[in-house]
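Residue strings, one per chain:
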Amino acid sequence: MASALRRAGLVIVALLCTATVITGPARADNPIVQTIYTADPAPLVHNGRVYLYTGHDEDGSTYFTMKEWRVWSSADMVNWTDHGSPMSVSTFAWASADAWAGQTIERNGKFYWYVPVKDRASGQMAIGVGVSTSPTGPFTDAIGRPLVRNGEIDPTVFIDDNGQAYLYWGNPNLWYVRLNADMISYSGSPTQIPLTTAGFGTRTGNASRPTLYEEGPWIFKRNGLYYNVFAARCCSEFIAYSTAPGPTGPWTYRGTVMPTQGGSFTNHAGIVDFNGGSYFFYHNGALPGGGGYTRSVAVEKFTYNADGTIPTITMTTAGAPQVGTLNPYVRQEAETIAWESGVETERASEGGMNVGWIENGDYIKVKGVAFGSGATSFTARVASASSGGRIELRLDGANGQLVGTCTVPGTGGWQTWTTVTCPVSGATGTHDLYFRYAGGSGYLFNVNWWQFNGG
Ligand code: FUB
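Named according to an unreviewed UniProt entry, the protein is Family 43 glycosylhydrolase originating from Nonomuraea composti.

Put into structure tokens, the structure is as follows:
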């Protein structure tokens, strides 16, 4: 993480402290990720979790300089686990750059991640497909070549009720092709969807692009109606949508979903239903240092209108409400985060990811933790190449009630792991849990996972 983001974190803390004074304990939970810049969200619901596939804008980027894709997941829409980067440009031997906006879908126990990436030989953007047996990867190149290549971007994938899968993509045009059941080949030829003003709205001032359709289609079906939610106009973009009675049209323009907002000249939509609610993912430039090339993914909960139309959704810092609570009495990954200040994540030698680059005063918030009748102790898996420090366990604020302090020793290496345990008192009921890290100067220690005992 760039020092810019670290400084930015301090600004956020300052702003949040101010907000706390004015409005009480509510804290912003958008954008979803604060450790890095993320873009182009593509959510997938699988086995009771939401998996969120994103791009990764490099710190300080002045173009869409994107080298890898990232995966996050959540069971409650507010605490998000970082699964790192299971697919990058280098996954595709034939690709040279531009890990742009994709989407993942599951079929027959395999996960297919369709992405736009630059084909080295032609210099054209192409659509590659990664495959994995796990939603968090690792993903490999499914076919060793582009699935389709016509210089256009932003694939979205959809499987209709009859099992027919469709891949759609395009900027400046909008294409579709029927995927075969293997999801890595197709029948027929890529076909253009006519971009009519009736279908996709009217753009003024751009004779070569008379409709609002710009890029980033997200196609799905609800109650027999097909929806295409897309980035409209350029630039700055807003999110609009069209509907159709069938997967290939004819499309009717339905209006705005999310107006131009948020300090990024692009936006990119992904919609899922989860646990009875509907969720709209998008990106903006909300993190300090953020902008059109340093974007951040966020989420809002919404309700479809009774006639199936989508309400206008605006960006908030509060984000979606929590679904349920988090259980502290099972092992939780340290990189499961609702909000953080100052930390970063990396691959852990023990598997998964760990939190690192922890300095005095940094913190992680985990939202809605259900302690029940009371925790008696806390255990964490830690490592430190320095002399360690302390994990302060606090409730409802980085300076909130202290319910325990765990001392972390030096272990001889940042990936030399040991388990520490400390007593806990006063953690009952449901609270936002803050891990506030304390110690001397420099980096203190890493944390791989944690668990409370008792309860
Ligand atoms: O992230 C790179 C490009 O920006 C995506 O492919 C577009 O959808 C826009 O968000």
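Asks: Could you give me a rundown of the overall build of the protein, with the residues and numbers involved?
Replies: A count of helical and extended segments in the protein gives two helices and 34 strands. Taken over C-alpha atoms, the radius of gyration comes to 23 Å for the protein, in line with the 23 Å a tight globule of 455 residues would show. The principal-axis extents of the C-alpha atoms in the protein amount to approximately 65 × 45 × 40 Å. The 455 residues of the protein split such that 58% are buried. For the protein, the share of sequence-separated contacts (at least 6 apart) that also reach a separation of at least 24 residues comes to 59%. Here the protein displays about 16400 Å² of accessible surface, and carbon together with sulfur accounts for 51% of that area. The protein carries 29 positive and 34 negative side-chain charges, and their two centres are separated by 1 Å.

Asks: Describe the site of the ligand, and please don't skip the residues or the numbers.
Replies: Every residue close to the ligand is listed here: Asp-40, Phe-64, Met-66, Trp-100, Ala-101, Ile-153, Asp-154, Glu-215, Thr-266, His-268, His-283 and Arg-295. At a separation of 2.5 Å, an oxygen atom of the ligand approaches a polar side-chain atom of Asp-154. Here an oxygen atom of the ligand sits 2.9 Å away from a polar atom, N or O, in the side chain of His-268. Here the ligand loses 99% of its free accessible area of 270 Å² to cover by the protein chains. For the shell around the ligand, a count of residues per class yields five nonpolar, three polar and four charged.

Asks: Kindly report on the state of the cysteines, identifying the contributing residues and their values.
Replies: Covalent bonding between the sulfur atoms of two cysteines defines a disulfide. Considering all chains together, one arrives at two disulfides under this definition. What pairs with Cys-234 in a disulfide is Cys-235, and their sulfur atoms sit 1.8 Å apart. Between Cys-234 and Cys-235, the disulfide has an S-S torsion of -50° and is therefore left-handed. Take Cys-234: its relative accessible area is 36%, and that puts it in the partly exposed class. Using a relative accessible area of 45% as the deciding quantity, one classes Cys-235 as partly exposed. A sulfur-sulfur distance of 2.3 Å marks the disulfide that ties Cys-406 to Cys-422.

Asks: Mind laying out the sheet that holds strand S20 (residues 270–274), listing which residues take part and the relevant values?
Replies: The three strands are arranged S20-S21-S22 in an open sheet whose pairing can be described as antiparallel. The open sheet has two free edges, formed respectively by S20 and strand S22 (296–302), since each of these has just one partner strand. Taken pair by pair, the neighbouring strands of this sheet meet at an average axis angle of 25°, ignoring direction. In the sheet, strand S21 (residues 277–284) pairs with S22 via seven bridges, with the strands oriented antiparallel. From the neighbouring strand, Asn-284 faces S22, where its bridge partner is Ser-296.

Asks: Please set out the sheet that holds strand S12 (residues 156–159) residue by residue, giving values where relevant.
Replies: On the basis of which strands lie adjacent, the open sheet formed by four strands has the order S12-S13-S14-S15 and antiparallel pairing. Each having just a single partner strand, S12 and strand S15 (186–192) make up the two edges of the open sheet. For this sheet, the mean inter-axis angle between neighbouring strands, taken without regard to orientation, is 20°. Inspection of the sheet shows strand S14 (residues 175–179) paired to S15 by four bridges, in the antiparallel sense.

Asks: Lay out the confidence of the model for the protein in plain terms, naming residues and giving numbers.
Replies: Detail in the predicted coordinates should be disregarded across regions flagged by low pLDDT. Per-chain confidence: the protein averages 94 in pLDDT, with 94% of residues scoring 70 or above. Ignoring residues within four places in sequence, the model shows residues 1–26, a span with pLDDT below 50, making 35 contacts including any to other chains.

Asks: Which residues make up the domain arrangement of the protein, and what are the values?
Replies: By domain assignment, the protein separates into domain 1 (31–302) and domain 2 (332–454). The C-alpha-based centres of domain 1 and domain 2 are spaced at 34 Å. Each partner contributes to the interface: domain 1 provides 14 residues, whereas domain 2 provides 15 residues. Buried area between domain 1 and domain 2, summed over both chains or domains, comes out near 1100 Å², and the portion from carbon and sulfur atoms is 47%. Contact with domain 2 buries surface across domain 1, with Gln-34, Thr-35 and Asn-79 losing the most and accounting together for 45% of the total. Here domain 1 is connected to domain 2 by zero salt bridges. Counting the contacts that link domain 1 with domain 2 gives eight residue pairs in polar contact (both at pLDDT 80 or more). Of the residues contributing to the side of domain 1 that touches domain 2, the split by class is five nonpolar, seven polar and two charged.

Asks: Lay out the UniProt feature "domain: CBM6" (unreviewed entry) in the protein in plain terms, naming residues and giving numbers.
Replies: What UniProt calls "domain: CBM6" (unreviewed entry) maps, in this numbering, to residues 330–453. End C-alpha to end C-alpha, residues 330–453 measures 8 Å, and it is 0% helix and 61% strand.

Asks: Break down the nonpolar core for me, citing the residues and quoting the values.
Replies: In this structure, Val-229, Ile-271, Phe-280 and Ile-310 are the most contacted members of the largest nonpolar core, which totals 43 residues. Look past the residues within four positions of Val-229 in its chain and what remains in contact with it is Gly-216, Pro-217, Trp-218, Phe-220, Ile-239, Ala-240, Tyr-241, Val-257, Ala-269, Ile-271, Phe-280 and Ile-310.

Asks: Explain the pattern of salt bridges residue by residue, including any values.
Replies: For the structure shown, the criterion picks out 15 salt bridges. Here Lys-221 and Asp-160 are joined by a salt bridge, their closest N and O atoms 2.9 Å apart. With Lys-221 in strand S16 (residues 213–222) and Asp-160 in the loop between S12 and strand S13 (165–169), the pair connects residues that are 61 residues apart, well separated along the chain. Linked by salt bridges that have partners in common, Asp-29, Lys-365 and Lys-367 make up one network.

Reading the values: rules and limits
As a convention, each chain's residues are numbered from 1 in the sequence order in which they are written. Given that this is a predicted model, residues contribute local features only at a pLDDT of at least 70 and side-chain atom pairs are listed and counted only at 80 or more, while totals for whole chains, interfaces and linings are drawn from all residues. Neither water nor hydrogens contribute to the side-chain values; these are computed over all heavy atoms in the structure. Strands are runs of DSSP state E lasting at least 2 residues, helices are runs of H or I lasting at least 4, and numbering of each runs from the N terminus. Only C-alpha atoms enter the radius of gyration; for comparison, a globular chain is expected to reach 2.2 Å times N to the power 0.38, where N is the number of residues. Summary of the burial criterion: residues with accessible area below 20% of their type's maximum are buried, those above 50% are exposed, and those between are partly exposed, where the area comes from a 1.4 Å probe applied to protein chains only. What makes two residues a contact is simply this: any of their non-hydrogen atoms within 4.5 Å. Surface accessibility in these figures is a Shrake-Rupley result with a 1.4 Å probe; residues are shielded only by whichever protein chains are displayed. Residues scored as charged are limited to Lys and Arg (positive) and Asp and Glu (negative), so that His and the chain ends carry no count. Positions of charges follow a simple convention, taking NZ of Lys, CZ of Arg, CG of Asp or CD of Glu. Residue proximity to a molecule or strand is established when one non-hydrogen atom of the residue lies within 4 Å of it. Definition of a polar contact: a pair of N or O atoms within 3.5 Å, with one able to donate and the other able to accept a hydrogen when the atoms are protein atoms, and with sequence-neighbouring residues admitted only if both atoms are side-chain atoms. Asp, Glu, Lys and Arg are counted as charged, while Ala, Val, Leu, Ile, Met, Phe, Trp, Tyr, Cys and Pro are counted as nonpolar; the rest, among them Gly, fall into the polar class. Our working definition of a disulfide is a cysteine sulfur pair at a distance within 2.5 Å. In this scheme, strands are said to pair when DSSP sees at least two bridges between them. Every axis in this analysis is a line fitted to C-alpha atoms, fitted for helices over the stretch in contact. Angles between the N-to-C directions lie between 0 and 180 degrees. On a range of 0 to 100, pLDDT expresses the predictor's confidence in each residue. Start and end positions for the domains come from either an automated domain assignment or a database one. A quick way to say it: buried area is the sum, across both parts, of accessible area lost when two parts are put together, with a 1.4 Å probe. Salt bridge, as used here, is a side-chain nitrogen of Lys or Arg placed within 4 Å of a carboxyl oxygen of Asp or Glu. UniProt positions are given in the numbering used here, feature names are shortened, and annotations may be inferred rather than shown by experiment. Within this scheme, the nonpolar core is defined by two criteria: the residues are buried Ala, Val, Leu, Ile, Met, Phe, Trp, Tyr or Cys, and they are joined through side-chain atoms within 4.5 Å.

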